[in-house]
Structure formats: structure tokens, C-alpha cells
Amino acid sequence: VQLQASGGGLVQAGDSLRLSCAASGFTFSDYGMGWFRQATGKEREFVASISWPGRRTYYADSVQGRFAISRDNIKNTVYLQMNSLKPEDTAVYYCASAQTSFASSSLTSYRYWGQGTLVTVSS
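Here we summarise the structure given alongside this text. (Residues numbered from 1 in each chain as written. Predicted model: local features only at pLDDT ≥ 70, side-chain atom pairs only at ≥ 80, totals over all residues. Heavy atoms only, no water.)

Brief notes about the nonpolar core
Buried together is how nonpolar side chains tend to be arranged in soluble globular proteins. The biggest cluster of nonpolar side chains holds 34 residues, and the ones touching the most others in it are Trp35, Val78, Leu80, Met82 and Tyr93. Contributions of two or more residues to this core are made by β1 (2-6), β3 (17-24), β4 (33-38), β5 (45-50), β7 (67-72), β8 (77-82), β9 (91-98) and β11 (117-122). When residues of this core are assigned to their parent elements, the largest contribution, five residues, is made by β9. With near-sequence residues (within four places) excluded, Val78 lies in contact with Leu19, Ser20, Cys21, Phe28, Met33, Trp35, Ile50, Ile69, Ser70, Arg71 and Cys95. (Core = buried A, V, L, I, M, F, W, Y, C linked by side-chain atoms within 4.5 Å. Buried < 20%, exposed > 50% of the residue type's maximum accessible area, 1.4 Å probe, protein only. Helix = DSSP H or I, 4+ residues; strand = E, 2+ residues; numbered from the N terminus. Contact = heavy atoms within 4.5 Å.)

The structure is reproduced here in C-alpha cells:
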């Protein structure tokens, strides 16, 4: 199983980025997917998730209205579109595969994790 996250980088406040996470080694369309992030010195926190079927999405309050999660079951890829970025969004972003088709905000409900991609937002 592999989850390869990409798309991170250094941007200025107000800019946008789109993260991608390519999955392989399991039946992607059977499972919910999530994005989490971890800032230096802080615990890993939930950002967004998308369940399947139905594409039901959930967002952390801190990103609601600015971030959008989506998935492409043909390309086995989950995306995180991040708009109006703020310095407090600076973190390593991780994608993860849920244990079921439902993707919650709980870290313990995810079974596979990617290696992370760094997003740095300067003020």
C-alpha cells in the first residue's frame, strides 16, 4: 500500500495550493479518505475527509469555506484544494485511508498514512 502526497510548497498568505495524494495497493473506491496536518510542536489534527459512496465531506472549523476535498476514483487520487491560505495553515499535510467507506475526523479510524507534504505560508 502506498499513499504518495504531493503539491506542497512555500506560498504567501492569501495564495492557493492544491495537494494530491495518489493511492495504490488497495481498492481505493472502497474506502473513505482524509487529510490531516501537523505543525511543528503540535499534535496531528484533522483537516478534511471524504466518504464513499456519496462523497460526503467533513471539514475542520479552521478550514471550512477555504479548503475543499475531492476524489477521483478512476485516478485513485484524493485532492485538497486550499484557498486563502494563512500562516497558521503551515504544517506537514498527510493523506490517509480510512478503515471503512466512511471517513471521520478521528485519527484512529485511519489505517494507512502517506509520507506528508510540507506547506509553508508566509505572512
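Brief notes about unusual backbone geometry
Cis peptide bonds are those with omega within 30 degrees of zero, and the linkage from Trp52 to Pro53 qualifies with 0 degrees. Along the chain, Pro53 turns up in the loop between β5 and β6 (57-59). Residues other than glycine seldom take positive phi values, yet Ser84 does so here, at roughly 50 degrees.

Quick notes on the environment of Gly32
Residue placement: Gly32 occurs in the loop between β3 and β4. The class for Gly32 is buried, based on a relative accessible area of 0%. If sequence neighbours within four positions are ignored, Gly32 has contacts with Ile50, Ser51, Arg71, Ala96, Ser97, Ala98, Thr100, Ser101, Phe102 and Ala103.

Some thoughts on the side chain of Ser97
In this structure, Ser97 sits in strand β9. On the basis of relative accessibility, which here comes to 0%, the residue Ser97 falls in the buried class. Those residues in contact with Ser97, other than ones at most four positions away along the chain, are Leu3, Phe26, Tyr31, Gly32, Met33, Tyr110, Arg111 and Tyr112.

Side note on the sheet that holds β7
Read from one edge of the open sheet, four strands run β1-β3-β8-β7, paired in antiparallel fashion. Edge strands, defined here as strands with exactly one partner in the open sheet, are β1 and β7. Shown here is a sheet whose adjacent strand axes are inclined to one another by a mean of 15 degrees, direction ignored. Across five bridges, the pairing between β1 and β3 is antiparallel. Bridge pairing links Gln4 to Ala22 in β3. (Pairing = 2+ DSSP bridges. Axes fitted to C-alpha atoms, helices over the stretch in contact; angles between N-to-C directions.)

Some details on the pattern of salt bridges
Under the counting rule described, the total for this entry stands at three salt bridges. Its salt-bridge partner being Asp89, residue Arg37 comes within 2.9 Å of it at the nearest N-O pair. Taken together, the positions of Arg37 in strand β4 and Asp89 in the loop between β8 and β9 put the pair 52 residues apart, joining distant regions of the chain. A salt bridge links Asp89 to Arg66, with the shortest nitrogen-to-oxygen separation between them at 2.8 Å. Taken together, the positions of Asp89 in the loop between β8 and β9 and Arg66 in the loop between β6 and β7 put the pair 23 residues apart, joining distant regions of the chain. With respect to class, Asp89 is no different from Arg66; both count as buried. (Salt bridge = Lys/Arg side-chain N within 4 Å of Asp/Glu carboxyl O.)

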